[in-house]
Amino acid sequence: MWDGEYTIGLQYLKSFNYLPQECQHMQLISDAYGGLRLRITRIYSDSLEETVKSLLQLLEKVNRPYLTVVEEKLLSVLELEYERR
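Summarised in this report is the structure supplied together with it. (Residues numbered from 1 in each chain as written. Predicted model: local features only at pLDDT ≥ 70, side-chain atom pairs only at ≥ 80, totals over all residues. Heavy atoms only, no water.)

Focus: the packing of aromatic side chains
Then, in step 1: In the structure shown here, the tally under the stated rule is one aromatic pair.
Then, in step 2: Taking 5.8 Å as the distance between ring centres and 25 degrees as the angle between the ring planes, the aromatic pair formed by Phe16 and Tyr18 counts as stacked.
Then, in step 3: The class of Tyr18 is partly exposed, set by a relative accessible area of 39%.
Then, in step 4: Looking at Arg64, its charged tip hangs above the ring of Tyr66, at a distance of 5.2 Å from the centre. (Phe/Tyr/Trp six-rings, centres within 6.5 Å; stacked < 30°, edge-to-face > 60°. Buried < 20%, exposed > 50% of the residue type's maximum accessible area, 1.4 Å probe, protein only. Lys NZ or Arg CZ within 6 Å of the ring centre and 35° of its normal.)

Right, here's the structure in full:
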C-alpha cells in the first residue's frame with residue numbers, strides 16, 4: 001500500500017478549463033478519495049488477518065468517490081475493531 005506524496009512542477013500540469021462548478025465537483029471527488037485512504041491507513045497494519053488486509057486493499061481500489069452502504073458498514077466495523085488496538 002502506497003502512502004506517500006507526489007510533487008509535480010507547474011510546468012507539467014495541464015489546464016482542463018473546468019467551469020467553477022466542475023472545479024468544485026473535482027475537489028469533492030479528491031477529498032472523498034483522500035478521506036477514504038486516510039481511514040484505511042489508520043487501521044491497516046501487517047499484523048492484520050489476511051482477510052481483513054484483503055478487504056481493505058479492495059476497498060482502497062474502489063473506482064468511485066464514495067462507498068456503498070454495505071462497503072461503508074464493513075469499513076466502519078473494521079474501524080471500531082482495529083482502531084482501539
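Some words on helix 2 (residues 50–60)
Then, in step 1: If you check which residues of helix 2 are buried, you get Val52, Lys53, Leu56, Leu59 and Glu60. Summarising the axial view, the buried residues of helix 2 lie within an arc of 130 degrees, below the 170-degree limit, and thus occupy one face. Along helix 2, the residues that are exposed and aim more than 90 degrees away from the buried face are Glu50, Thr51 and Leu58. (Helix = DSSP H or I, 4+ residues; strand = E, 2+ residues; numbered from the N terminus. Arc of directions from axis to C-beta.)

Here's the deal with the nonpolar core
Then, in step 1: Residues Leu36, Ile40, Ile43, Leu48, Val52, Leu56, Leu59, Val62, Leu67, Leu75, Leu78 and Tyr82 constitute the largest nonpolar core, which totals 12 residues.
Then, in step 2: For this core, the elements supplying multiple residues, two or more each, are helix 1 (20–43), helix 2 and helix 3 (69–82).
Then, in step 3: Among all residues touching Leu36, those that are not within four sequence positions of it are Leu59, Leu67 and Leu75. (Core = buried A, V, L, I, M, F, W, Y, C linked by side-chain atoms within 4.5 Å. Contact = heavy atoms within 4.5 Å.)

Section: the pattern of salt bridges
Then, in step 1: For the structure shown, the criterion picks out five salt bridges.
Then, in step 2: The closest approach of N and O atoms between Glu79 and Arg39, which form a salt bridge, is 2.7 Å. Residue Glu79 is located in helix 3, and its partner Arg39 is located in helix 1; the two are separated by 40 residues in the primary sequence.
Then, in step 3: Assessed through its relative accessible area of 13%, Glu79 is described here as buried.
Then, in step 4: Judged by relative accessible area, which is 18%, Arg39 ranks as buried.
Then, in step 5: A cluster of three or more residues bridged by salt bridges with shared partners is formed by Arg39, Glu72 and Glu79. (Salt bridge = Lys/Arg side-chain N within 4 Å of Asp/Glu carboxyl O.)

Brief notes about the side chain of Lys53
Then, in step 1: Mapped onto the elements, Lys53 comes out in helix 2.
Then, in step 2: We classify Lys53 as buried; its relative accessible area is 12%.

Just geometry here; none of it tells us what the structure is for.
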